[in-house]
Amino acid sequence: MFLEHLYLQHFRNYIQQEINFTSNKIILLGDNAQGKSNILEAVEILSTLKSHRSTKDIELVYQDRLYGQIKASVKNKYADYDLAITIPAKGKKELKINQEKVNRHIDFLGILNTVTFSSLDIELVRGSPEYRRSWVDSLLIQLEPIYYQLLKNYNHILKQRNALLKQMKKSGISTIEQVPELKAIELKLWDNKLAEEGSRISRRRARVLKKIEPLAKFWHNQISHKTEKLILNYAPNVPWKKDTPTDVQNAIKSEIEQKKIAEINLGNTLVGPHRDEIEFIINSSLARNYGSQGQQRTLVLALKLAELQLIEQVVGQPPLLLLDDVMAELDLKRQAQLLDSLGDRFQTIITTTHLNYFETDLLNQAQIVKVEAGK
Ligand code: ATP
Ligand code: MG
């Protein structure tokens, strides 16, 4: 995949800007707060329709403008595409492929694949479970765009169910007997939907983790030059015995029955994939709690390289690699490892404040784009 051209209008700190990409190694060079990461963010949104930095679209739109725009020309193995996303400060994103309106978000996904590796990604190992879930979710969206819809369905159910639980809490219900019949029926309906959609999410996440595990192991041993035993384990909030839809759904349903009164008391759903955990285990210890800083960094790099490789294998073409500020973060050995293992296959966009992080070879072949105050 190759990004040829990017156009930003009223996006973050860009009023209006075009960039032509002429190389498969691009370095965005500039001081802090000039707009380097904003460019990577725009590319990431073209690929996954979300940003790992922001959850609110309004933050993406320049100051108090009504909407922002990202446009791009992308070449992949099959064709050339013109992509366009209009982001209103309030409301739904509007998508176009080759000037034609796309109604379903999932039809937009899969044209451009990206892997982002930023200095914040250390949170993947050190941070809360939410980071790890969101990492697996973004990966799944790229591998099977239908997952975008599944996730949306699940989040909708969760929201509705939480609203109902809050309502019950507010009306002073504290035992199952106090739940009015109609409300009980309504809640049961959401319980079943949650179990059904939740099992889809959990099972897919567990499966993709199994797929990426051997790749992560390979890279982990390459980088650490040791044979440490790395395990990626999906730890669902409700353990299941067999990985079948019925088994997982039943496990969720029976846990809901046990926790129901606690859920009503809290006004919140306690059971389901929004509470699942992903464990990275090195030599039988959780990397999150026991890993040294170096071990944690090695692990993140291994996970990212594995992600790149898995997307390439499944999609059948190399995704773009977006490296945000990682050069300063990695020691020279890991840096060389990263760039060497990439070869020339992946178009790579790197942000940096200084060029002296890079080897001359890379500087000679890279397109260097200076970024200053949104220009
Ligand atoms: P660093 O090297 O520190 O990571 P950077 O060049 O990557 O810096 P970005 O994160 O790309 O910086 O851009 C940050 C700038 O964008 C900040 O000055 C911020 O105020 C500005 N900015 C972010 N969102 C908006 C917005 N919606 N409207 C206008 N400006 C914005
Ligand atoms: Mg930045």
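Each residue is numbered by its place in its chain's sequence as written, counting from 1. Ligands are numbered from 1 and chains lettered from A, in the order in which they are written. With pLDDT at 70 or above as the cut-off, local features in this predicted model cover only qualifying residues; side-chain atom pairs require 80 or more to be listed or tallied, and sums for whole chains, interfaces and linings still use all residues.

S.K.: Please set out the pairing of strand S5 (residues 80–88) residue by residue, giving values where relevant.
M.R.: Strand direction decides the pairing type here: strand S4 (residues 67–75) and S5, joined by 9 bridges, are antiparallel. Within S5, the residue paired with glutamine 69 across the bridge is threonine 86. Between the end of S4 and the start of S5, which pair antiparallel, lie 4 residues. Taken together, the 4 bridges between S5 and strand S6 (residues 94–97) define a ladder with antiparallel strand orientation. Within S6, the position partnered with threonine 86 by the bridge is glutamate 94. DSSP bridges decide pairing: two strands pair if at least two such bridges lie between them. A run of H or I in DSSP becomes a helix once it reaches four residues, and a run of E becomes a strand once it reaches two; helices and strands are each numbered from the N terminus. Remark: 5 residues form the turn of the hairpin made by S5 and S6, two consecutive strands paired antiparallel; glycine 91 in that turn has positive phi of roughly 115 degrees.

S.K.: Help me get a handle on the environment of asparagine 233, residues and values and all.
M.R.: Within the secondary structure layout, asparagine 233 lies in strand S9 (residues 230–235). Whether a residue is buried, exposed or partly exposed is read from the other C-beta atoms within 10 Å of its own C-beta, which are placed from the backbone; 20 or more gives buried, 12 or fewer gives exposed, and intermediate counts give partly exposed. Under the C-beta neighbour-count criterion, asparagine 233 is labelled partly exposed, with 14 such atoms within 10 Å. With near-sequence residues (within four places) excluded, asparagine 233 lies in contact with Glu279 and Ile281. Think of it this way: build a C-beta for each residue from its backbone, and any pair within 7 Å is a contact.

S.K.: Go over unusual backbone geometry with me, naming the residues and quoting the values.
M.R.: You will see that leucine 49, though not glycine, has its phi angle at about 65 degrees, which is positive. A positive phi angle, near 45 degrees, is found at alanine 373, a position not held by glycine. Along the chain, alanine 373 falls in the segment after strand S14 (367–370). Residue classification places alanine 373 among the exposed residues on the basis of 11 C-beta atoms within 10 Å.

S.K.: Just give me the short version of the packing of helix H5 (residues 181–224) against helix H6 (residues 245–266), but keep the residues and values in it.
M.R.: Angles here are taken between N-to-C directions and fall from 0 to 180 degrees, while the axes themselves are lines fitted to C-alpha atoms, restricted in helices to the stretch in contact. In the contact formed by H5 and H6, the axes pass within 8 Å of each other and the chain directions differ by 130 degrees. In terms of axis orientation, H5 runs oblique to H6. Note on packing geometry: the crossing formed by H5 with H6 is right-handed. Residue-level inspection shows Asp191, Leu194, Ala195, Glu196, Gly198, Ser199, Ser202 and Arg203 of H5 in contact with H6, the latter providing Pro245, Val248, Gln249, Ile252, Lys253 and Ile256. Roughly parallel covers angles under 35 degrees, roughly antiparallel covers those over 145, roughly perpendicular covers 65 to 115, and oblique covers all other angles. Two helices crossing with the near one rotated counterclockwise from the far one by less than a right angle form a left-handed crossing, whereas a clockwise rotation gives a right-handed crossing.

S.K.: Hey, could you go over the sheet that holds strand S10 (residues 277–282) for me, with residue numbers and the actual values?
M.R.: Taken together, 3 strands build an open sheet; the order of strands is S9-S10-S11 and the sheet is antiparallel. With partners counted over all chains shown, the strands left at the sheet margins are S9 and strand S11 (285–286), one partner each. Of the strand pairs in this sheet, S9 and S10 are connected by 6 bridges, and their pairing is antiparallel. Residue pairing for S10: leucine 230 is matched across the bridge by isoleucine 282.

S.K.: Tell me about the site of ligand 1, and please be specific about residues and values.
M.R.: As a matter of local geometry, ligand 1 sits amid 17 residues, with Asn13, Asn32, Lys36, Ser37 and Asn38 nearest to it. If you tally residues by element for the shell around ligand 1, the top one is helix H1 (residues 36–48), at 3 residues. Residue polarity is assigned by list, with Asp, Glu, Lys and Arg as charged and Ala, Val, Leu, Ile, Met, Phe, Trp, Tyr, Cys and Pro as nonpolar; anything else, Gly included, falls into the polar class. When its residues are assigned to classes, the shell around ligand 1 shows 3 nonpolar, 10 polar and 4 charged. The criterion for a residue being near a molecule or strand is a backbone-placed C-beta atom within 6 Å of that molecule or strand.

S.K.: So what about the UniProt feature "binding site: ATP" (unreviewed entry) in the chain? Which residues, and what values?
M.R.: UniProt positions are given in the numbering used here, feature names are shortened, and annotations may be inferred rather than shown by experiment. What UniProt calls "binding site: ATP" (unreviewed entry) maps, in this numbering, to Gly30, Asp31, Asn32, Ala33, Gln34, Gly35, Lys36 and Ser37. Inspection of the secondary structure assignment puts glutamine 34 in the loop between strand S3 (25–29) and H1. With 19 C-beta atoms counted inside 10 Å, the residue glutamine 34 sits in the partly exposed group. What glutamine 34 contacts, discounting residues up to four positions off in sequence, is Val371, Glu372 and Ala373.

S.K.: Explain the sheet that holds S4 residue by residue, including any values.
M.R.: Across the sheet, which stays open at both edges, the 6 strands sit in the order S2-S1-S4-S5-S6-S7 with antiparallel pairing between neighbours. On the outer flanks of this sheet lie strand S2 (14–20) and strand S7 (100–102), each paired with one strand and no other. Strand-to-strand twist of the sheet, defined as the mean angle between neighbouring strand axes without regard to direction, takes the value 20 degrees. Along the sheet face, H1 touches strand S1 (2–11), S2, S4 and S5 and points at about 110 degrees away from the line of S1.

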